[in-house]
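In case you want the letters, here they are:
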Amino acid sequence: MTTTAVSSPVTCTSAMLSAVDTDLLVVPWFEGEGPGAVPELDRSTSGEVARALASKEFAARPYDLFITSVTDRGWRPRRVALIGAGRRAVFGSDLARKFATAVGLNARQRWIERVAFVLRADAAGATPLNELAQAVAEGLTLSEFDAGSYKTDDPPPARPPAWTVAVSGATDDEFARASEAVARGRLLGECSNLARELANEPGNTLTPREFARRSEALAIEGGISVEILDEEQIARLGMGLLLGVARGSSEPPRVIVFRHNPPGAPAGPMLGLVGKGITFDTGGISIKAAEGMERMKDDMAGGAAVACAMRAIGLLKAPIRVVGVVPATENMPGSRALKPGDVLKSASGKTVEVINTDAEGRLVLGDGLWYARQLGATHLVDVATLTGAAVVALGKITSGLFGSQGWVDQVERVANRAGDRVWPLPLFDEYRDQIKSEIADFTNTGGRAAGSITAAMFLKEFTGGLPWAHLDIAGTAWADEAKPYLPKGPSGVAVRTLAELAFTSHDWKSEDKS
Ligand code: BES
Ligand code: MN
Ligand code: ZN
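The rules behind each value
- Residues numbered from 1 in each chain as written.
- Chains lettered and ligands numbered in written order.
- Predicted model: local features only at pLDDT ≥ 70, side-chain atom pairs only at ≥ 80, totals over all residues.
- Heavy atoms only, no water.
- Core = buried A, V, L, I, M, F, W, Y, C linked by side-chain atoms within 4.5 Å.
- Buried < 20%, exposed > 50% of the residue type's maximum accessible area, 1.4 Å probe, protein only.
- Domains from an automatic or database assignment.
- Contact = heavy atoms within 4.5 Å.
- Near = heavy atom within 4 Å.
- Polar contact = N/O pair within 3.5 Å; in protein donor to acceptor, adjacent residues only side chain to side chain.
- Areas by Shrake-Rupley, 256 points an atom, 1.4 Å probe, with all protein chains shown as cover.
- Nonpolar A, V, L, I, M, F, W, Y, C, P; charged D, E, K, R; others polar.
- Salt bridge = Lys/Arg side-chain N within 4 Å of Asp/Glu carboxyl O.
- Helix = DSSP H or I, 4+ residues; strand = E, 2+ residues; numbered from the N terminus.
- Donors = N, O, S within 2.8 Å, 3.2 Å for Na, K, Ca; no water.
- Tetrahedral: all angles 85-135°; square planar, octahedral: opposite > 155°, others 65-115°.
- Pairing = 2+ DSSP bridges.
- Axes fitted to C-alpha atoms, helices over the stretch in contact; angles between N-to-C directions.
- pLDDT = per-residue confidence, 0-100.
- Phe/Tyr/Trp six-rings, centres within 6.5 Å; stacked < 30°, edge-to-face > 60°.
- Parallel < 35°, antiparallel > 145°, perpendicular 65-115°, else oblique.
- Left-handed = near helix turned anticlockwise from the far one by under 90°.
- Expected span 1.5 Å × (residues − 1).
- Buried area = accessible area lost by both parts, 1.4 Å probe.

### A short note on the nonpolar core
Core analysis: the largest hydrophobic core is formed by 56 residues, its most contacted members being Phe211, Phe258, Leu271, Leu273 and Val381. Lining this core are residues from two domains, each supplying at least three of them: domain 1 (11-196) and domain 2 (201-507). Filtering out sequence-adjacent residues up to four positions away, Phe258 remains in contact with Ser215, Ala219, Ile224, Ser225, Val226, Val306, Ala307, Met310, Val322, Val323, Gly324 and Val326. Leu241, Leu375, Ile453 and Leu466 belong to the second-largest nonpolar core, a separate cluster that totals 43 residues.

Given below as C-alpha cells:
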C-alpha cells in the first residue's frame, strides 16, 4: 500500500520574492519584527503586513499563520503567508523544518496547489544556508504523509502542493549548493515517509515475510543489495534468541540483510545498522494488557528506519560500506511459545534466561547485533521501540541514546542536525548486576528500576566491544497527540539520523570502544 502520493520534486529558486511563481509565498516572521523586516511584503499587500502587526492580529508566535492577498499586479505570488517563527535567537534548521511541515500541512488542508517557502537566516547567520534549505525541503516533504490509507468513505487525500524553496538573493554558488541541499532534503523526507507507511501498516498485512518483501523492494530501488534469510538459514546461523521469540507464532521469522558496497569504498570503517522488526508484539506468554495493544503494530519502526535509511544511503551514494540487519518476527503466545524460565542460546554463544517474554526486542536484537559484526561492521547503531521505561524517562519527544562514549557523541551530533531529538543515558557497570541469572549468562529483564538502561546493558553483551550506539525510540516512533509539525501516528524517527551518519565517517575515531 502506497499512501504517500508520488510527488514532483521540490524546486529551488533564487528569484526575487515578486518573481516567485507560486500561489502562496510563505515567509517566516520573527517576534518583534516590524513591517520593515521584509519591506516588499508590506508594499505588495497594500500595507496588510503593517496593519496585522500593529493590530496584533499577527504576533509572530511560533506556528501563527497570517494569510493575505497580494495586490501588486507586478507580483507573481497570489498570496502571502507569514508563519510565526518565534524568537530569532533560537531559530535554526530544527525549527525551520518544523515550520515547513506546519505550513505544508496547513496548505494541504486548504487545497493550495503551489507553495513557496522563503528561507530566512538565524540571528547570527550561524546555520549554513544549505542546511536550512535541506531542513525546509525535509519539512515540506514530511507534510505529505497521509495515515488514512484504508479509509473508504473519505475523499482521497489532496495531491500535495508543488513545493518551492526560495533563496532569494543567493549568489550562483549559494544557489547551486542550496539546490543540491533541497534535493537531498526531499529524498530524506520521502524515505522518512516510507518508514512511516511501514510503521502504520497493520500487523495482519505486515507480517515478517511481507515486511521483508517491502523492505527489499524499497532498498533495491536505492541500489542496495538485499538478502532475506528464512527460518532454515536463521537456524543454521544459530540465532536461538530470534527463533525463541518466533516460536509462539505460526508466521515464520525473517532476517532482512541490506548491503551498501560502493565501488572504491575503503575496507573500513563499515557502519552496521540494526533495527528491531517485531511486526506485532502481544507480549507473548507474558501477555500485554488489552488496552492500547493495537499500537504494538509499530514495534518494527526501528527496522523500518533501518530499511528506509539504507534506501537513502544507496540513493545518496554514501562513500562507505554499510550493512543493515533487521530481525523480523511476531511476538505471539502460541502453544509452542517461549515460556518464562526458558533458557535460550544466542548466535554469539551466550545464554539467556527468559524472565519475561515481553522483553523480546532485546532478544532479537542480540542476534542481530552479532550478525552485523559477522558481516564486518566496525561501528554499530541499533534502533528499537524497546522499553516503556524510555517513555517514562523521556516522554514522547526524545529518544534514549546509550552506548560507547565518543561514538554516542557522534550519533548525538548527527541526530541534532537531522531533527531527531536524542538524549544520552548512562551504562555504568553497576547496572549489569540487575540482569544476573542463577542459571544462564544473564536474564532478559532487569526489574522496574532503570528499565531502559538494563535493556541497553543486555544489548551491550552482543556488541563485542565495538563502538556501538542504541536508540530507544519507544516514545518517539508514534505521536499520540497531533502537534503543528507532526500529526498523530508514525513519526519516521531515526531515518534521517541513520542515513546522515553514513556521510560523517571522516569524523569517526576508531578508539570509541563500548
Ligand atoms: N515493544 C515494547 C516496548 C514499548 C512499550 C514500545 C510501549 C512502545 C510503547 C517492548 O517489547 C516491551 O514490551 N518492553 C517491556 C520490557 C519489560 C517486560 C522488561 C516493557 O517496556 O514493558
Ligand atoms: Mn514486548
Ligand atoms: Zn516489543
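Now that the structure is up, let's keep going.
### Let's talk about the site of ligand 1
Around ligand 1, the structure places 16 residues, and the nearest of them are Lys288, Asp299, Asp358, Glu360 and Gly388. Between ligand 1 and the protein, one listed contact pairs an oxygen atom with a side-chain N or O atom of Glu360 at 2.9 Å. Contact distances for ligand 1 include 3.4 Å between a nitrogen atom and a backbone N or O atom of Leu386. For ligand 1, the accessible surface in isolation is 520 Å², of which the surrounding protein chains cover 78%. Residue composition of the shell around ligand 1, by class: 3 nonpolar, 5 polar and 8 charged.

### Focus on the pattern of salt bridges
Between side chains of opposite charge, a pair can form when the charged atoms approach closely. In total, this model carries 36 salt bridges according to the counting rule given. Put simply, Asp480 and Arg295 hold a salt bridge, and the shortest N to O gap is 3.7 Å. A residue pair is termed long-range when its members are at least 10 positions apart, and Asp480 in the loop between strand E19 (478-479) and strand E20 (489-490) and Arg295 in the loop between strand E10 (277-281) and helix H9 (301-315) qualify at 185 residues. Overall, the relative accessible area of 43% leaves Asp480 in the partly exposed class. By sharing partners, the salt bridges in this structure join Asp94, Arg97, Lys98, Glu138, Arg421 and Arg496 into a single network.

### Regarding the coordination of the zinc ion (ligand 3)
For a metal with four donors in a tetrahedral arrangement, the ideal angle between donors is 109.5 degrees, while six donors in an octahedron ideally sit at 90 or 180 degrees. Each protein donor to the zinc ion (ligand 3) is listed here as Lys276 (NZ), Asp281 (OD), Asp299 (OD) and Glu360 (OE); together their distances run 2.0 to 2.4 Å. Here the zinc ion (ligand 3) binds 6 donor atoms, and the angle range of 78 to 173° at the metal identifies the geometry as octahedral. In primary sequence terms, the donor set of the zinc ion (ligand 3) follows K-x4-D-x17-D-x60-E. Separating the zinc ion (ligand 3) and the manganese ion (ligand 2) is a distance of 3.1 Å, and Asp281 donates to both of them. On the criterion of sequence distance, the pair formed by Lys276 in the loop between strand E9 (270-275) and E10 and Asp299 in the loop between E10 and H9 is long-range, its members being 23 residues apart. Like Asp299, Lys276 is buried.

### Considering the sheet that holds strand E2 (residues 24-29)
Taking strand neighbours across the sheet as the criterion, the 6 strands line up as E1-E6-E5-E2-E4-E3 in an open arrangement whose pairing is mixed. Both outer strands of the open sheet, strand E1 (11-13) and strand E3 (65-69), are each paired with one neighbouring strand and no more. Strand after strand, the sheet turns through a mean of 25° between neighbouring axes, direction not considered. Inspection of the sheet shows E1 paired to strand E6 (residues 162-166) by 3 bridges, in the parallel sense. For Thr11, the partnering residue across the bridge sits in E6 and is Thr164. Against the sheet, helix H5 (residues 172-200) contacts E1 and E6, and its axis sits at roughly 160° relative to E1.

### Regarding the confidence of the model for the protein chain
Chain-level statistics for the protein chain give a pLDDT mean of 96 and a share of 97% at 70 or above. Scored below 50 in pLDDT, residues 1-6 makes 16 contacts in the model with residues more than four places away or belonging to other chains.

### Comments concerning the packing of aromatic side chains
All told, the structure shown has 10 aromatic pairs when counted by the stated rule. Aromatic pair Phe442 and Phe458: ring centres 5.3 Å apart, planes at 90°, arrangement edge-to-face. Placement of Phe442 in strand E17 (residues 442-443) and of Phe458 in helix H13 (residues 451-460) is noted, with a sequence separation of 16 residues between them. The exposure class of Phe442 is buried, given its relative accessible area of 1%.

### Things to note about the packing of H5 against H9
Relative orientation of the contacting elements H5 and H9 amounts to 150°, with a least axis distance of 9 Å. Here H9 runs roughly antiparallel to H5, going by the angle between their axes. Classified by chirality, the crossing of H9 by H5 is right-handed. Facing H5, whose interface residues are Leu187, Leu188, Cys191, Leu194, Ala195, Leu198 and Ala199, H9 presents Ala301, Ala304, Ala305, Cys308, Arg311, Ala312 and Leu315. In the contact of H5 with H9, the residues fall into 13 nonpolar, no polar and 1 charged.

### Focus: helix H10 (residues 361-374)
With 14 residues, H10 extends 20 Å between its outermost C-alpha atoms, agreeing within 8% with the 20 Å of an ideal straight helix rising 1.5 Å per residue. The buried count for H10 comes to 12 of 14 residues, which makes it a mostly enclosed element. Those residues of H10 lying buried are Gly361, Arg362, Leu363, Val364, Leu365, Gly366, Asp367, Gly368, Leu369, Trp370, Tyr371 and Ala372. Within two residues after H10, Gly376 carries a phi angle of roughly 105°, on the positive side.

### Points about the domain arrangement of the protein chain
Taken domain by domain, the protein chain holds domain 1 (11-196) and domain 2 (201-507). Of note, the centres of domain 1 and domain 2, computed from C-alpha atoms alone, are 35 Å apart. Buried surface at the junction of domain 1 and domain 2, summed over both partners, amounts to about 2200 Å²; 63% is from carbon and sulfur atoms. Connecting domain 1 to domain 2 are 3 salt bridges. Residues Arg421 and Asp94 are paired through a salt bridge, measuring 3.2 Å at the closest nitrogen-oxygen approach. For the interface between domain 1 and domain 2, the tally reads 9 residue pairs in polar contact (both at pLDDT 80 or more). Of all elements in the fold, only helix H3 (93-109), helix H4 (129-142) and H5 reach the threshold of two or more residues within the side of domain 1 that touches domain 2. Broken down by element, the residue count for the side of domain 1 that touches domain 2 peaks at 8 residues, all from H5. Looking at the side of domain 1 that touches domain 2 residue by residue, the classes come out as 11 nonpolar, 4 polar and 7 charged.

### Topic: the packing of H10 against H13
Across the interface, H10 lies against H13 with an axial gap of 9 Å and an inter-helix angle of 30°. One finds that H10 runs roughly parallel with respect to H13. Remark: the crossing between H10 and H13 carries right-handed chirality. Contacts from Arg362, Leu363, Leu365, Gly366 and Leu369 in H10 reach Ala455, Phe458 and Leu459 in H13. Considered class by class, the residues forming the contact of H10 with H13 number 6 nonpolar, 1 polar and 1 charged.

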